[in-house]
Every structure is written in C-alpha cells, then in structure tokens.
Amino acid sequence: MIVGAQWGDEGKGKIVDVLSENFSVVARYAGGHNAGHTVIINGKKFILQLVPCGVLRANCRSVIGNGVVLDPLAFLKEVGALREAGVKVDGNLFVSNRAHVILPYHRMIELAAENAPGRVKIGTTSRGIGPAYEDKMGRRGLRVADLLDLKLLRKHIENAVREKNMIAHALFNSEPLDADKMYAEYAQAAEKVAPFVCDTAVLLNDALKSGESILFEGAQGTMLDIDHGTYPFVTSSSATSGGAVIGTGIAPTSITTVIGITKAYCTRVGEGPFPTEDKGDTGENIRKRGNEYGAVTGRPRRTGWLDLPLLRYSGMINGTSWLVVTKLDVLDDLAEVPVCVAYRIDGKTTVEAPAQASGYERIECVYQKLPGWKTSTQGVTDYEELPKAAREYLSFVAKETGAKIGMISTGPDRDHTILMDRFVTSLKTAAQKA
Ligand code: GDP
Ligand code: IMO
Ligand code: MG
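J.: Even after reading the chapter, I still don't get the coordination of the magnesium ion (ligand 3), so can you show me in this structure?
T.: Tetrahedral metal sites with four donors have an ideal angle of 109.5 degrees; octahedral sites with six donors have ideal angles of 90 or 180 degrees. Distances from the magnesium ion (ligand 3) to its protein donors, namely Asp 9 (OD) and Gly 36 (O), fall within the range 2.0 to 2.2 Å. One end of the pair, Asp 9, is in the loop between β1 (2–4) and α1 (12–19); the other, Gly 36, is in the loop between β2 (25–28) and β3 (37–41), and 27 residues separate them in sequence. A residue is classified by how much of its surface remains accessible, and Gly 36, at 12% relative accessible area, is buried.

J.: So what exactly am I meant to see when it comes to the site of ligand 2 here?
T.: Surrounding ligand 2, one finds 20 residues, the nearest of these being Asp 9, Lys 12, His 37, Thr 125 and Thr 235. Between Lys 12 and ligand 2, the recorded distance is 2.6 Å, taken from a side-chain N or O atom to an oxygen atom. For the shell around ligand 2, a count of residues per class yields seven nonpolar, 10 polar and three charged. Two domains each provide a minimum of three residues to the shell around ligand 2, namely domain 1 (2–91 + 199–433) and domain 2 (100–196).

J.: Looking at this structure, how should I read the nonpolar core?
T.: Generally speaking, nonpolar side chains in soluble globular proteins are found buried as a group. Among the nonpolar cores identified, the biggest contains 94 residues, and Leu 19, Phe 75, Leu 331 and Tyr 393 are the most heavily contacted of them. Of the residues that make up this core, three or more belong to each of domain 1 (2–91 + 199–433) and domain 2 (100–196). Not counting the four nearest positions on each side in its chain, Phe 75 is found in contact with Leu 50, Val 51, Ile 64, Leu 70, Leu 93, Val 95, Val 193 and Phe 196.

J.: I would appreciate a short explanation of helix α11 (residues 308–318) in the present structure.
T.: An α-helical segment advances 3.6 residues per turn. Residues three or four places apart therefore align on the same side. Looking only at α11, the buried set comprises Leu 308, Pro 309, Leu 310, Leu 311, Tyr 313, Ser 314 and Asn 318. If you follow the buried residues of α11, they end up packed against β1, β11 (259–263), β14 (306–307), β15 (322–326), β16 (336–345) and α13 (388–401). Between the side-chain oxygen of the N-cap and the backbone nitrogen of Leu 310 there are 3.1 Å, and the N-cap of α11 in question is Asp 307. Backbone geometry just after α11 places Gly 319 at a positive phi near 70°.

J.: Explain the state of the cysteines here, please?
T.: Here a disulfide denotes a covalent bond joining the sulfur atom of one cysteine to the sulfur atom of another. Counted under the stated rule, the structure contains zero disulfides. Unpaired in terms of disulfides, Cys 60 finds its nearest cysteine sulfur in Cys 53, a separation of 10 Å. Using a relative accessible area of 0% as the deciding quantity, one classes Cys 60 as buried. Looking at Cys 198, it has no disulfide partner, and the nearest cysteine sulfur is the one in Cys 60, 15 Å off.

J.: Can you walk me through the side chain of Glu 78 in this structure?
T.: One can find Glu 78 in helix α2 (residues 72–84). No salt bridge is formed by the buried Glu 78; its nearest oppositely charged neighbour, Arg 28, is found at 6.8 Å. Polar contacts involving the side chain of Glu 78 include one to the main-chain amide nitrogen of Leu 50, which spans 2.9 Å. Beyond its immediate sequence surroundings of up to four residues, Glu 78 is in contact with Leu 48, Gln 49, Leu 50 and Val 51.

J.: Quick question: what am I supposed to make of the domain arrangement of the protein here?
T.: Note: interface size is frequently given as the accessible area lost on complex formation between the parts. Along its sequence, the protein is carved into domain 1 (2–91 + 199–433) and domain 2 (100–196). The C-alpha centroid of domain 2 is placed 30 Å from the C-alpha centroid of domain 1. In this complex, domain 1 contributes 31 residues to the contact, which on the side of domain 2 involves 24 residues. Counting the surface domain 1 buries against domain 2, the share from its top three residues, Val 69, Pro 72 and Leu 73, is 24%. Summed over the shared surface of domain 1 and domain 2, the result is one salt bridge. As a salt-bridge pair, Asp 71 and Arg 107 come within 2.8 Å of each other at their nearest N and O atoms. Counting only elements with at least two residues in the side of domain 1 that touches domain 2, the list comes to β6 (69–70) and α2.

J.: Quick question: what am I supposed to make of the packing of aromatic side chains here?
T.: For any two aromatic rings, the description comes down to two numbers: the centre-to-centre distance and the angle of the planes. This model, assessed by the stated rule, comprises four aromatic pairs. Aromatic pair Trp 7 and Phe 274: ring centres 5.2 Å apart, planes at 55°, arrangement tilted. Placement of the pair is Trp 7 in the loop between β1 and α1 and Phe 274 in the loop between β12 (266–268) and α10 (281–289), with a sequence separation of 267 residues. Neither residue differs from the other here; Trp 7 and Phe 274 are each classed as buried. Pairing Trp 322 with Phe 423 gives two aromatic rings, centres 5.1 Å apart and planes at 65°, and the pair type is edge-to-face. With Trp 322 in strand β15 and Phe 423 in helix α14 (residues 421–433), the pair connects residues that are 101 residues apart, well separated along the chain. The residues Trp 322 and Phe 423 share a single accessibility class, namely buried. One residue, Arg 154, lies across the ring of Tyr 183, its end atom 4.1 Å from the ring centre. Sitting over the face of the ring of Trp 322, Lys 404 holds its NZ or CZ atom 4.3 Å from the ring centroid.

J.: Got a minute to help me understand the environment of Tyr 29 in this structure?
T.: Residue position: Tyr 29 is located in the loop between β2 and β3. In sequence terms Tyr 29 and Thr 240 are 211 residues apart; their C-alpha atoms lie 10.0 Å from each other.

J.: How should the packing of α11 against α13 be read in this particular structure?
T.: Describing two packed helices takes the angle between their axes plus the distance from one axis to the other. At a closest axis distance of 9 Å, the pairing of α11 and α13 adopts a crossing angle of 55°. Classified by the interaxial angle, the pair formed by α11 and α13 is oblique. Of the two possible hands of crossing, α11 and α13 adopt the one that is right-handed. Of α13, the residues touching α11 (which contributes Leu 308, Leu 311 and Arg 312) are Phe 396, Val 397, Glu 400 and Thr 401. For the contact of α11 with α13, the per-class residue count stands at four nonpolar, one polar and two charged.

J.: Help me understand the site of ligand 1 in this model?
T.: Looking at ligand 1, there are 17 residues lining it, with Lys 12, Gly 13, Gly 36, Asp 329 and Ser 409 nearest. Contact distances for ligand 1 include 2.8 Å between an oxygen atom and a backbone N or O atom of Gly 36. A total of 580 Å² of accessible area belongs to ligand 1 in isolation, and the protein chains cover 93% of it. Those elements that provide at least two residues to the shell around ligand 1 are α1 and β3. If you tally residues by element for the shell around ligand 1, the top one is α1, at three residues. Residue composition of the shell around ligand 1, by class: two nonpolar, eight polar and seven charged.

Each value, and the rule that gives it
Residues numbered from 1 in each chain as written. Chains lettered and ligands numbered in written order. Predicted model: local features only at pLDDT ≥ 70, side-chain atom pairs only at ≥ 80, totals over all residues. Heavy atoms only, no water. Donors = N, O, S within 2.8 Å, 3.2 Å for Na, K, Ca; no water. Helix = DSSP H or I, 4+ residues; strand = E, 2+ residues; numbered from the N terminus. Buried < 20%, exposed > 50% of the residue type's maximum accessible area, 1.4 Å probe, protein only. Near = heavy atom within 4 Å. Polar contact = N/O pair within 3.5 Å; in protein donor to acceptor, adjacent residues only side chain to side chain. Nonpolar A, V, L, I, M, F, W, Y, C, P; charged D, E, K, R; others polar. Domains from an automatic or database assignment. Core = buried A, V, L, I, M, F, W, Y, C linked by side-chain atoms within 4.5 Å. Contact = heavy atoms within 4.5 Å. Disulfide = S-S within 2.5 Å. Lys, Arg positive; Asp, Glu negative; His and termini not counted. Salt bridge = Lys/Arg side-chain N within 4 Å of Asp/Glu carboxyl O. Buried area = accessible area lost by both parts, 1.4 Å probe. Phe/Tyr/Trp six-rings, centres within 6.5 Å; stacked < 30°, edge-to-face > 60°. Lys NZ or Arg CZ within 6 Å of the ring centre and 35° of its normal. Axes fitted to C-alpha atoms, helices over the stretch in contact; angles between N-to-C directions. Parallel < 35°, antiparallel > 145°, perpendicular 65-115°, else oblique. Left-handed = near helix turned anticlockwise from the far one by under 90°. Areas by Shrake-Rupley, 256 points an atom, 1.4 Å probe, with all protein chains shown as cover.

Take a look at the structure:
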C-alpha cells in the first residue's frame, strides 16, 4: 500500500508506476480528480487523476474503489485521453458500483462557499470533492449504481437540483442549475461509464483469494486526511492507510505492507499550517528546480524543509514499514540542507501534532543543517553511486524516523529510481503471502 506521508504530491504516481510491475491489481481508495499523479515513461508524460497508475501496464487491472468520488465527465475525459495515447482501458479498468458521484451542484456549492464571507478558505481544487462527500455522509448522495438506473437518476437530479438551487441561492445568491439539461448530460455519460462498473469489493477479494497481489494507490497525503491531517485545511476523505480498507472493501488483515512516500523536502498546495515553509529565495529555488506547480490546478506549491516530527507522526498513523524518498535530485545544488528534527512549543519539545490549526502557529521548528552534496544525483540508479553526503542525508532520515528506506527517486522518469535489494525481496515475499 502506497500512502503520501506529507501534504500530497510526494511522487506517489511515479512510485506506483515503478512498483506496479510486481502487482496484478492497482486500486484507488480515496479522493477523486483532485488528485494529480504524474508518471513519466521514457520521456512520455501521463497525468492521472481518477484512473490508477496501474493502467499504464497492460497486464495490470485497475480499480476505482467505493471510497473514491467519481465525476463521470472527468472520468470519461481521462479515459478518452488514455485511449488516444494508446493505453488499454477496456477490460482492465473497473469502477465500483458503490462509489459516490460528483454532480455539477457540488462544484457550484463549493465555489460559492469557498468565497463566502466568514467561511474558512481551504484553497480547494474546486472539483466538488467536499460537497460530494458531505452528501455521501448525509445519506443523500448518488452512487454509481444509481447513476446507471436512469429512472432513479432523473428523480435524484430533479430533487437534488431543486434543493441545492434553493440553498445556493439563499446562502450565496448563486445562479440556478437546470435539472433537465443535467439529466440529459449525465444519462448520456452513464451509458459510457456502464461497461466499467462492477462490484469491485468482490473483484478485489477474489483476486486475493486466487493469490494475486494488490497495490493500493493512496491519493493526497497523511496531513490532508480528514481526521489526522491539519483540519480544517484537509481534503474530505481518509487519505491514510486505514482508508484503503473502508474505501475498497478488503479486510484490514489483508494489508501486509505500508509504504510511505516523502519528498526529500516538503511541499503543500492550498491554505493551512506548514511549519517548515521557506518563503524566501531558497524556497523559490526549490519550487523552480522541483517544478513545484500543481498538476491539476497549476497553482505554485508552497515549499519547505523535511519535517521529521511530521514524518514520525505519519509513520505512526499509517503503520509505515518502508519509506520512499523522492526528488532527492532537487536538493543537488544546496551547500547545506536544513531539516526539522523537533517541534518546540513554549520552549518544550513535543512529539504530538497539534489538533488545532492554530496550534501550529505556536510551533518553533528545531533545525539541524546537514551538509549538501553539490553534485548531480539526477537519474542515479545505484545507491552506491550517490555522493557520500546524500547517502548520509538518507541515513539520517532513516535513523530519525525509525523507518527503512526502500526506494530513492532521483528524477521524474520511471528509470530514475534506486531500488534497495532488501525492499524488493520484502515486497516479493509480501506478494507471495497475499
Ligand atoms: P503525486 O500526486 O504524489 O503522484 O505527485 P505529483 O505527480 O503530483 O507530483 C510529483 C512531481 O514530481 C511530478 O511532476 C513528478 O513527475 C515529479 N517527480 C517524481 N519523482 C521525482 C524525482 O525523483 N525527481 C524529480 N525531479 N521529479 C520527480
Ligand atoms: P495528490 O493525490 C496536493 C489539497 C488542496 C486543498 C485541500 C482540499 O496529487 O497528492 P479538495 O479539493 O480535496 O477539497 O482540497 O487539499 N489537495 C491536494 N494537495 N495533492 C493532492 O493530491 C491534493 N488533493 C487535494 O490543494 O488544500
Ligand atoms: Mg499530485
């Protein structure tokens, strides 16, 4: 299971792509098309939002689990682009009949609410993710199985549009949406989505029963998790490893290995606490070198330093046994690399992550400056070929977090990867057990 250890965009897509070679199925369990997972194969770039990265391997099945919120139009657009790029989607991509559907009123309400006076601005991706999960939990959502049931779809859209138009007009003075037009568009989309739909919990459990291995592709990151992240500056789903169980319908006992992905530094898009943020020139340099601009929204990502207290917290919540460090090459030209080794509040070291966003304002980061390597690591594939200072940087991270480092990414391409032997062996053993 792959999970983001920070605030998303850790390079999960690339790592899933590299590892999917060893798995029969790749499954997404949370989020929606707020995710943007970039994979580069021999210079060819793919940005996946809803479709798991496993789709890029023809012998791998891909599952969009029940915990994902599915925008049918975004899904069809992505599927169309993949088909055009020559990627096989028919017969190896499956959508849960229990996933909830994002409809235009979710986007309308989100846009209006984000800009409403007195509301905390989250800086969302404006995809309607939050309001769709709200309807799910409010037991008034539309699921994929209901989307395909045209009579029910019409009734649902008529009722929901009436209600949402009233709410949006009263609260935000929004322009009303047209139910007939919406029904026509979504009934047409339903027909095209239908061939992908099945009971994916059965598919996944059958796969496990027949000895196949599943790679779960986390979206977002631990600190964006609805419960464990920097609430309210989070997304609306369970991005942590526990989410995979609820979000796909496999049993907790089926998960054998949790792999946390972290950048060699830190980034965050949108609003909210970010203790190690560097708003100065070095931060700007990292943004440029790391091409830190959102894959979905194009927004510049905020940049900062590796935050070990946060990684320890993330390791605890996820039960991470391996850490994968990405974007090591982005730090290549630094003479020294600051790393946050502890949080201090009122002069006292604390190991807890604050429960309130305001709690982060009181945090003072304790930094240790490690020597930089001032040598290119771009594209290095052998651990021994890394400069000594880079190896020491990685050992320091492993020692301070108590995690084993299984992989190191030294560039965006599939091939720019260092795989540690003991990690590969451990994955193969876990896959055999599954
Ligand atoms: P995800 O959301 O976790 O899948 O991450 P994103 O794809 O949104 O963001 C990671 C970005 O970093 C993408 O543009 C990747 O192509 C790129 N990337 C991944 N690994 C590396 C790496 O090791 N070095 C560099 N320079 N870029 C990387
Ligand atoms: P991947 O899977 C980084 C952030 C948004 C915003 C907050 C809530 O590519 O790592 P939402 O639209 O989900 O309601 O926005 O969460 N966010 C992400 N940041 N990577 C992501 O996904 C994100 N998905 C959501 O920027 O701050
Ligand atoms: Mg991303």
